[in-house]
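# Structure at a glance
The residues making up each chain are set out below.
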Amino acid sequence: MPELPEVEVVRRGLADHVVGRRFLSVQVHGARVARRHIAGPVDLVARLTGLGVHEASRRGKYLWLRLDGDQALVVHLGMSGQMLVEPPDAPREKHAHAIFDLDDGLQLRFVDQRTFGGLQLVDLVPDEVGATLEDAPRLVPSVITHIAPDPLEAAFEQEAVVRAMRRRRTQIKRALLDQSLVSGIGNIYADEALWRAKLHGERATDRLPLATLRGVLDEAAAVMTAALGHGGTSFDALYVNVNGASGYFERSLEAYGREGRPCRRCGTLIVRESFMNRSSFSCPHCQPRPRYRGLD
DNA sequence: AATGGTTCCTGGACGC
DNA sequence: TGCGTCCAGGAACCAT
C-alpha cells in the first residue's frame with residue numbers, strides 16, 4: 001500500500017518525466033476517479049486541457065502537480081493507485097481511469113484497481129503551519145490544509161506534534177495514523193515504528209513520556225527514510241510504479257505481515273491482533289500490551 | 001468538540 | 001473447476 005515512501009518515489013518519477021510537459025489532451029473514464037472534484041469529470045477534463053506542469057509536490061500521502069495559474073492537480077493513490085508514463089500505443093490498462101497526452105509524445109496514466117484513489121483540480125493556498133518571518137509559507141492545495149506536515153518535510157515540528165499527542169485521549173497507533181496530527185504514516189509503517197520503539201499500539205498517548213513520543217516519531221521517520229532508500233532506485237525511466245517500489249522493502253519489515261515468525265530482536269513469535277478493523281502485528285515480549293483496558 | 005465506527009471498492013487467497 | 005466468502009486499507013463521512 002502506498003504510504004509516504006512509495007508516494008515519494010512516485011513524486012520523483014513525476015518530477016523527472018512530467019514536470020516541464022503540457023497536457024495536450026485529457027481523458028477521464030468513469031465518474032468515480034473525479035468524485036472529489038466538485039464540478040465533476042467533464043469540468044476536470046476541460047480545465048486541465050492545455051495546462052503546463054511546473055512542479056511535483058507531496059505532503060504525506062498526497063501528491064500534487066502545480067499547473068499554470070497556481071492550480072494544483074491533487075492526486076491520491078488510495079490503496080492501489082499508480083502513475084504510469086508510457087507510449088500511447090501501450091495497451092490500455094483495465095483500470096486506467098485518467099489518461100493525459102503529454103507534449104513529448106508520451107502519456108501519463110492514472111491506474112487504480114481498487115478505486116480508493118482520485119484526482120481533483122483546486123487552487124493553491126498559503127500553508128497554515130510552518131511559516132515564519134524568514135520562510136514564506138509554502139503553497140498547498142486548498143483541500144489538504146487539514147493534512148499535517150509529514151516527518152520528512154521542513155515544516156514538521158516534532159515538539160508541537162508530541163504536545164498535541166499528549167493532549168489527546170487516544171491510543172498511540174490511532175495517533176500515528178491520524179493524518180491531521182502527523183501525515184504519511186499508514187498501517188505498515190505504524191507497526192514498524194511501534195516495533196522499533198518497543199511500544200504496543202494501544203498505549204494511551206496521554207500516559208506516555210514526551211521522550212517516548214519523540215522516540216516513536218523518530219523511528220517512524222527513520223523507517224520511512226530507509227524504505228525510501230530502497231524504493232528510490234527501483235523504477236526505470238518510463239515506468240513509475242508504486243508496487244515495484246514497496247515490494248523491495250517488504251523483505252526488510254520487522255513486524256508487519258510476520259505473524260507466527262520470530263521477532264528478530266528476541267525470538268518471540270510475532271502476533272497479529274485486530275485493531276481499528278485492521279491487522280496489527282507486534283512482538284508480545286518487546287511490545288507488551290498495556291495493563292489498563294482501553295484508555296482507562 | 002473530540003473521538004471512534006462505518007463505508008467505499010476490487011480481486012487474490014482460501015475453503016469446500 | 002467453480003463458487004462463495006473473507007480480507008487488504010486511506011480517509012471522508014457520520015454518529016455519539
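You'll find the structure just up there.
This report concerns the structure included in the present document. (Residues numbered from 1 in each chain as written. Chains lettered and ligands numbered in written order. Predicted model: local features only at pLDDT ≥ 70, side-chain atom pairs only at ≥ 80, totals over all residues. Heavy atoms only, no water.)

## Describing the protein's contact with DNA strand B
- Taken together, 13 residues lie near DNA strand B, and His-95, Gln-113, Arg-169, Thr-170 and Arg-174 sit nearest.
- Backbone sugar and phosphate groups make up 73% of those atoms of DNA strand B lying within 4 Å of the protein.
- Lys-94 places a polar side-chain atom, nitrogen or oxygen, 3.1 Å from a phosphate oxygen of DNA strand B.
- One nitrogen or oxygen atom from the side chain of His-95 is found 2.6 Å from a phosphate oxygen belonging to DNA strand B.
- When its residues are assigned to classes, the surface near DNA strand B shows two nonpolar, five polar and six charged. (Near = heavy atom within 4 Å. Polar contact = N/O pair within 3.5 Å; in protein donor to acceptor, adjacent residues only side chain to side chain. Nonpolar A, V, L, I, M, F, W, Y, C, P; charged D, E, K, R; others polar.)

## Quick look at the protein's contact with DNA strand C
- In the neighbourhood of DNA strand C, 16 residues make up the surrounding shell, with Tyr-62, His-76, Met-79, Tyr-256 and Arg-272 lying closest.
- A share of 59% of the atoms of DNA strand C within 4 Å of the protein falls on sugar and phosphate groups.
- Within the contact set of DNA strand C, a phosphate oxygen lies 3.2 Å away from a side-chain nitrogen or oxygen of Lys-61.
- Here the surface near DNA strand C is composed, by residue class, of five nonpolar, six polar and five charged.

## Focus: the pattern of salt bridges
- Scanning all chains against the criterion turns up 22 salt bridges.
- In this structure, the salt-bridge partner of Glu-93 is Arg-109, at a minimum N-O distance of 3.0 Å. Separated by 16 residues along the polypeptide, Glu-93 in the loop between β5 (81-86) and β6 (96-102) and Arg-109 in strand β7 (residues 107-112) bring together distant segments of the chain.
- Using a relative accessible area of 1% as the deciding quantity, one classes Arg-109 as buried.
- Of the charged contacts, one joins Asp-206 and Arg-169 as a salt bridge, the two residues approaching to 3.2 Å between their closest N and O atoms. Placement of Asp-206 in the loop between α5 (187-197) and α6 (210-231) and of Arg-169 in the loop between α3 (158-167) and α4 (172-177) is noted, with a sequence separation of 37 residues between them.
- It is possible to trace a salt-bridge network through shared partners that takes in Glu-8, Arg-11, Arg-12, Arg-58 and Asp-150. (Salt bridge = Lys/Arg side-chain N within 4 Å of Asp/Glu carboxyl O. Helix = DSSP H or I, 4+ residues; strand = E, 2+ residues; numbered from the N terminus. Buried < 20%, exposed > 50% of the residue type's maximum accessible area, 1.4 Å probe, protein only.)

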